[in-house]
Amino acid sequence: MLRQREAIGLCRIQGHDQCQVKFTVNEETGEIIGGPNSVAGSPLTTWTKVEGCVRIRHYLEWNNHADRLNYPLKRAGKRGENKWKQISWDQAFDEIADKLREIKEVDGPEKLALLSGFYNSQWDISRFANLYGTPNIDSLNARICGGLEYWVNVLIYGAPAHYGPPDPEKCQLVVLWANRPSSQFPIKWDSERKVPHRIVIDPRWIDECKGADLWLKIRPGTDTALALAWLNVIINENLYDKQFVDKWTVGFDRLKERVQQYDPRKVSEITGIPAKDIVASAKLYATTKPASIVWGSPCGYSGLNAARVEQARCCLRAITGNVGVLGGNHFNITYSKQQPLHELELADRMPPDKITKALGGGKYRAMTWPGYYMVPDKARAYARSFVNRGAPMVTIYNAMRTGTPHPIKGAIITACNPMATFSQSRHVYEALMNTEFVVSIDLIHTPTTMLADYVLPATSWLESPQIGYLEFKYILYTGQRVLPKSVPGKYDRRDDYDIWRELGIRLGQEKDWPWKTLEECYDWRLEPTGMTFKEFSEKKLWDIQPLVDREYEKEGFNTRSGKVELASSVFEDLGYDPLPYYEEPPESPIRTPELAKKYPLIAITLKSQIFYQSSYRNNASLRKLHPDPLVEIHKDVAAKEGIKDGDWVSIENQNGRIRMKAKISETIRPDTVCLDFGWWYPEKKGAEPSLFGIWESNCNVLCSDDLEYAGRECGNWHLSTFLVKTNRVKISKAD
Ligand SMILES: Nc1nc2c(c(=O)[nH]1)N[C@H]1C(S)=C(S)[C@@H](COP(=O)(O)OP(=O)(O)OC[C@H]3O[C@@H](n4cnc5c(=O)[nH]c(N)nc54)[C@H](O)[C@@H]3O)O[C@H]1N2
Ligand SMILES: Nc1nc2c(c(=O)[nH]1)N[C@H]1C(S)=C(S)[C@@H](COP(=O)(O)OP(=O)(O)OC[C@H]3O[C@@H](n4cnc5c(=O)[nH]c(N)nc54)[C@H](O)[C@@H]3O)O[C@H]1N2
Ligand SMILES: [Mo]
């Protein structure tokens, strides 16, 4: 009889929401013979059955794809020639460690940059950095993508509250602010769609507008002005929660004075939203309680405005008494039955004289070490040493490319495809080519791995154990290793953890990597539950920690004043404006009218529901559903240029030129075009000059990485609202 077992993995292709997925595995061959299926009773899969999710349905096709990296590779030709030699793990670790030792001893550890995207055990790269002594570390998803808002919440409230609702039983109004949960956060959408009232703030019509009370069709990048106008209406019309403001906030009078500059009529001119809608939406928000304003990613990568729009939203939540409240924007709690993250990161082990060597630390002071050490210890427990104390990635790529303020000798890039996902891809290319030693850790070859000296194959989520958190509901849950990390003759991959550990051991860190495997490490992490990782992931699988309503009433807020800082003392002491203010986006018809004459359209960018970030375009089943990159254009603009639905269109500006297929829309703002994000063509040649077609349809070719476009306080870079023009091009496909 066939011996089989059930294994439950944690799917990571939803980004921040990770679903538990059940498979049946043949015990003898180790192969998956059943699934993916939902896990009965799992609180994570109520939104839709796993069976209904297109990405997981086709995931195995990708996990077993011929494009997967199976063994370590060493460059055999010139950089970018796509010529590789397969080597053993020992050779790879020995050679890479030798180079890292040389950099540390000859040039100084800060000359090594560590750059990551999102992966499950992200603390391991941080542990390595802290032990090695480089502060030049950052994560693409942790400084933008919610990480920026997270930190602004910590500065203003002492803890993050931006993930939003909900408890649909309690929440009465949800504000979807640059946020498309039906496509991007289906678990959250399951709660949010049941909330009685909804306001959508988006330059385009999205499914969430159906059934919404109000849709504010905002000019991209002007969200801070809108938030300040809401504050203006709520304060001037006395719609705020006076008791909460008196007892629990500081800086109200200063805020009141500031928002007088943001009269709804004036803000209507800035945002393009009718003044009456600004007033009506502000009133609806202030009078429908509890209400929740939810984070969405485009505000977080709006560069100059990103920290300030979140600061203004923090003020809105606070003065309406919606912060720390169930059904409003409640606080993240840390799951109490696990070892703390900072012990995994070994945050205190970085030598003090190295911490201050973080690039950009003197310029973007709020989200580098000066700001990190200014928040009280209790708030710092929410910080991640590698982003909140490290160097903004934009300063790292800039140093790699230009050698200023000092050159970077080596870079390790993991779980990240910056050639497609960071701003100004041409500059990323130059940065990588200008760096002496580059290692990339990934699951497949990408335009980024093409430019590395060593490429190391990591395990996918199916091949590694996972601990997940659903922060807006406070659930800790686990996923097992469903498939082995190594099958002789087929593939030999390593967990990211194994890679950092092996490098660390070769660099004299052996005592600090006590757990031989990730499972052993997770045994330690879950020790307070009284269970091993295996026991937890077989018996318990998830644990829900109850949320607490108005916990601040006991001990106050974790800020320096113990209150919500409507005027931020940290910003002020760091020499920044303590209050939120609006700034025109760095490229806009108002700020740069000359540029706008040449490039009259404002480009925003959009993640795909079908794919995950820049990945999976080589999955044939998914690709059929989204075969080409699309640019959404208003019908009047298209008509003027003779563009019809499905035509190939060139999109260009001062940084370059790309092409996408036209999707004609009646609902997008006529001054705006929306470009699909993350496009490259895995089916095209990997070698230069093609680099898998990275220059053809990649929206980030057009987006500037100028240091002056980055957020002044936090160094978060700019990935949206750049000016472009469009033209019809005569090609039948992007060849
Ligand atoms: N299927 C799938 N799910 C994903 C991901 C994926 O790639 N695929 N990625 C995951 C990740 S890492 C993230 S960060 C989230 C992202 O999830 P979301 O934050 O929801 O991101 P988007 O769908 O790109 O953008 C949301 C909306 O913002 C609007 N928008 C653009 N610019 C502006 C602006 O200036 N102001 C306002 N008010 N609105 C604007 C866009 O029109 C869009 O409708 O999704 C996660 N989930
Ligand atoms: N213009 C524009 N730019 C954007 C965005 C946008 O909406 N518009 N979105 C931004 C946002 S919110 C985000 S989060 C970023 C995402 O940007 P990235 O972090 O670069 O995300 P991906 O494109 O998914 O690339 C991740 C790579 O990691 C690999 N990978 C997956 N799992 C693992 C693992 O466990 N270990 C290792 N070592 N590798 C793994 C994948 O194969 C893939 O090649 O892009 C940002 N850039
Ligand atoms: Mo993201």
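It should be noted that the structure appears before, not after, this text.
The following paragraphs examine the structure supplied in this document. If you're wondering where the values come from, they're calculated on a predicted model, not measured in any experiment.

A word on the site of ligand 1. Residues in contact with ligand 1 amount to 31 residues; listed here are only the nearest, Gln184, Asp202, Asp223, Ser297 and Gln613. In the environment of ligand 1, an oxygen atom lies 3.3 Å from a nitrogen or oxygen atom belonging to the backbone of Lys607. Protein contact buries 99% of the 920 Å² of open area that ligand 1 shows by itself. When each cavity is represented as a set of grid points, ligand 1 is found to reside in the second largest cavity. Among the elements of the structure, helix H7 (181-184), helix H14 (297-300) and strand E22 (601-606) are those that each provide at least two residues to the shell around ligand 1. Looking at the shell around ligand 1, you find at least three residues from each of domain 2 (161-330 + 553-573) and domain 3 (593-728).

What follows concerns the sheet that holds strand E24 (residues 648-653). With respect to topology, six strands assemble into a closed barrel ordered E22-E26-E23-E25-E24-E27, the strand pairing being mixed. Taking the axes of each pair of neighbouring strands and ignoring which way they run, one obtains an average angle of 45° across the sheet. Pairing analysis gives five bridges linking E22 to strand E26 (residues 672-676), with the strands arranged parallel. Considered in E26, the bridge of Ile602 is made with Thr672.

Omega for the peptide link from Lys289 to Pro290 comes to -10°, which places this bond in the cis form. One can find Pro290 in the loop between helix H13 (275-287) and strand E12 (291-294). Omega for the bond connecting Thr404 with Pro405 falls within 30 degrees of zero, at -5°, which places this linkage in the cis form. Positionally, Pro405 belongs in the loop between helix H21 (393-402) and strand E13 (410-414). You will see that Leu346, though not glycine, has its phi angle at about 50°, which is positive. Along the chain, the position of Leu346 falls in the loop between helix H16 (341-345) and helix H17 (352-355).

Cut-off values and rules
- Throughout, residues of each chain are indexed from 1 in the direction in which the sequence is written.
- Working convention: letters from A go to chains and numbers from 1 go to ligands, in the order in which they are written.
- Totals for whole chains, interfaces and linings use every residue, but because this is a predicted model, local features are given only for residues with pLDDT of at least 70 and side-chain atom pairs only at 80 or more, for both listing and counting.
- Only hydrogens and water are set aside when side-chain values are computed; all heavy atoms of the structure are taken into account.
- Any residue with at least one heavy atom within 4 Å of a molecule or strand is counted as near it.
- By the criterion applied in these results, polar contacts are pairs of N or O atoms within 3.5 Å in which, for protein atoms, one can donate a hydrogen and the other can accept it, and in which residues neighboring in sequence qualify only through two side-chain atoms.
- Here the Shrake-Rupley method, with its probe set to 1.4 Å, supplies the accessible areas, and only the displayed protein chains count as covering residues.
- Throughout, the protein atoms alone are placed on a 1 Å grid, and a set of points is a cavity if a 1.4 Å probe fits but cannot get out or a pocket if it is open with protein on both sides within 12 Å along at least five of seven lines; lining residues have an atom within 4 Å of a point.
- Whether a molecule lies in a cavity or pocket depends on its atoms, and more than half of them have to be within 2 Å of the grid points.
- Segments assigned H or I by DSSP are reported as helices when at least four residues long, segments assigned E as strands when at least two residues long, and all are numbered from the N terminus.
- Annotation comment: domain bounds sourced from an automatic or database domain assignment.
- Note on pairing: two strands pair once DSSP finds at least 2 bridges between them.
- Every axis in this analysis is a line fitted to C-alpha atoms, fitted for helices over the stretch in contact. Angles between the N-to-C directions lie between 0 and 180 degrees.

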